[in-house]
Every structure is written in C-alpha cells, then in structure tokens.
Amino acid sequence: MFNLPPLPYEPTALEPHMSKETLAFHHGKHHAAYIKNMNAALAERADAPKTVEGVVQLAVREGNKKLFNNAAQTWNHGFFWQSMTPTPQGDPQGDLKLAIEKAFGSLTAFREQFVAQGVGHFASGWVWLVSDKSGAVKLVDLHDADTPITEIGTTPLLVCDVWEHAYYIDYRNERPKFVTAFIEKLANWRFAEAQYDAARKGEDGWQFPT
Ligand SMILES: [Fe+2]
C-alpha cells in the first residue's frame, strides 16, 4: 500500500501562480485517486513491488495499461510537486545552466521552447526536461501517463503537467499563461540541479516515498 505524500509546501505557497483550490483538487483528488486505484490493483497480488518505480516497471513488463496509468501518474505527480517551489530561484546554475545553453542556445531560448512544447502538446500530457548519462539535456513531451523513467539511461530533471486539471481553475483555457508561469516563476531549479548531478553519476535521483 502506498500513501499520498504531503505537498512539500503549504497549499497557499504557490499563489498567485497556482491556487490553493487547484492544489486541493490536483493533489487531494486527482493524485490521491491514482494512488488509490494503484493500491486497489495491487491488493490481491503477493508479488506487489515495494516501490512505485517497481510497480511502473511491472506494469510495463506485463503490458498492464490500467496499472501503468495509475502507477505512472502516481510517480509523475510526485515528481511534479518537487518540480515547483514557492521560493523564486531565478535561473538554473552551474553545469545544468551550461548544458541548457549548449542544447538550446540560451536560457531565454530554452524557456521559449519549453512554453512552445507545452502549448503545442495535443491534449493531456507532460513536458519533461531530461538528461542522459553524458549530461546532454533535451525536452520531451509525453502523452497521458507516459513517463521518462521507463527509458533506460534517461533521468528526468523537471516536469510541467499540462493536463487541463493542472491549470483550468486558475487559467481556464489559457495553457500558455500557465506554462509560462511554471517555467518563469515556479520551476525548482535547485531540485533540477540535484537531479542533473544524479544523472551524471548514474544514480537514481528522486524516488517516490515509500
Ligand atoms: Fe495532473
């Protein structure tokens, strides 16, 4: 059985960019439901993995789409909460800053590309900044519950949830405003930098709490 971890900040802490009401639904209803559904699917199984990462891998091996959707959404949302911070962090620093500049030309160009990819993504999904073991970074947008943790050698650094439930209360249909606020005001660059260090050391990085 897995539990819903508390948010790493107060529910009002991300205002005005993300409201208490959005978090009440997104964390308290949507994320909680994914965990409840995953637990229900695992309840009868003696071989249920002890980690959410293990459940995701099990679902992939078995081609169990329902279990995958709930386990991957459990993990993705846990990572999403870590990807935001109420403490403004300006720009990425150090080696991650250099890697982003190498990949995108500049931090400004990176932010523009991040917003464009989030806005251009059709329907529900996620925009991920990821790294490989060599330290090369790129943006990938994935549909529905898909997650980069199923890709060997890929480490996620930062993610923005672009499902409508992430922004509709605060921004209605204006996804561009939401994605812009995420990357300019909420992005947790100290977290992304720690993930980047882990990627290059071949370490796992953030794991869903057990
Ligand atoms: Fe979500």
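If you're wondering where the values come from, they're calculated on a predicted model, not measured in any experiment.

## Re the domain arrangement of the protein
Interfaces are often sized by the accessible area lost when the parts come together.
Thinking step 1. Along its sequence, the protein is organised into domain 1 (20-82) and domain 2 (94-201).
Thinking step 2. For domain 1 and domain 2, the distance between their C-alpha centres works out to 21 Å.
Thinking step 3. Between domain 1 and domain 2, the contact holds 20 residues from the first and 24 residues from the second.
Thinking step 4. When domain 1 packs against domain 2, close to 1800 Å² is buried across both sides, 68% of that on carbon and sulfur atoms.
Thinking step 5. If you sort the residues of domain 1 by the area they bury against domain 2, Thr22, Phe79 and Phe80 come out on top, with a joint share of 33%.
Thinking step 6. At the boundary of domain 1 and domain 2, one finds 0 salt bridges.
Thinking step 7. Mapped by element, the contributors of at least two residues to the side of domain 1 that touches domain 2 are helix H1 (20-42), helix H2 (52-62) and helix H3 (65-82).
Thinking step 8. When residues in the side of domain 1 that touches domain 2 are grouped by element, the largest group, 11 residues, is from H3.
Thinking step 9. Its residues assigned to classes, the side of domain 1 that touches domain 2 shows 9 nonpolar, 9 polar and 2 charged.

## Things to note about unusual backbone geometry
Thinking step 1. Backbone torsion omega between Glu15 and Pro16 reads 10°, so that peptide bond is classified as cis.
Thinking step 2. Its place among the elements puts Pro16 in the segment before H1.
Thinking step 3. Even without a glycine there, the phi angle at Asp144 is positive, about 55°.
Thinking step 4. As for its placement among the helices and strands, Asp144 is situated in the loop between strand S2 (137-143) and strand S3 (154-161).

## Some points on the coordination of the iron ion
Thinking step 1. Around the iron ion, the donor atoms from the protein are His26 (NE2), His77 (NE2), Asp161 (OD) and His165 (NE2), and they sit 1.9 to 2.1 Å away.
Thinking step 2. Taken together, the 4 donor atoms coordinating the iron ion and their angles of 91 to 129° define a geometry best described as tetrahedral.
Thinking step 3. When the donors of the iron ion are listed by position in the chain, the intervening gaps give H-x50-H-x83-D-x3-H. An identical accessibility class is assigned to Asp161 and His165; each is buried.

## Concerning the pattern of salt bridges
Thinking step 1. Enumeration according to the criterion identifies 8 salt bridges in this entry.
Thinking step 2. Of the charged contacts in the structure, one is a salt bridge between Glu101 and Lys97, with a shortest N-O distance of 3.1 Å. Of the two residues, Glu101 and Lys97 both sit in helix H4 (residues 94-104), 4 residues apart, roughly one turn of that helix.
Thinking step 3. When its relative accessible area of 27% is taken as the criterion, Lys97 is described as partly exposed.
Thinking step 4. The partner of Arg190 in a salt bridge is Glu193, and the shortest N-O contact between them spans 2.8 Å. Separated by 3 residues within a single helix, Arg190 and Glu193 lie in helix H8 (residues 189-201), roughly one turn from each other.
Thinking step 5. A relative accessible area of 34% means that Arg190 is categorised as partly exposed.
Thinking step 6. You can call Glu193 buried: its relative accessible area is 16%.
Thinking step 7. Residues participating in the shared-partner salt-bridge network are Arg45, Asp47 and Glu62.

Rules used in this analysis
- Residues numbered from 1 in each chain as written.
- Predicted model: local features only at pLDDT ≥ 70, side-chain atom pairs only at ≥ 80, totals over all residues.
- Heavy atoms only, no water.
- Domains from an automatic or database assignment.
- Contact = heavy atoms within 4.5 Å.
- Buried area = accessible area lost by both parts, 1.4 Å probe.
- Salt bridge = Lys/Arg side-chain N within 4 Å of Asp/Glu carboxyl O.
- Helix = DSSP H or I, 4+ residues; strand = E, 2+ residues; numbered from the N terminus.
- Nonpolar A, V, L, I, M, F, W, Y, C, P; charged D, E, K, R; others polar.
- Donors = N, O, S within 2.8 Å, 3.2 Å for Na, K, Ca; no water.
- Tetrahedral: all angles 85-135°; square planar, octahedral: opposite > 155°, others 65-115°.
- Buried < 20%, exposed > 50% of the residue type's maximum accessible area, 1.4 Å probe, protein only.

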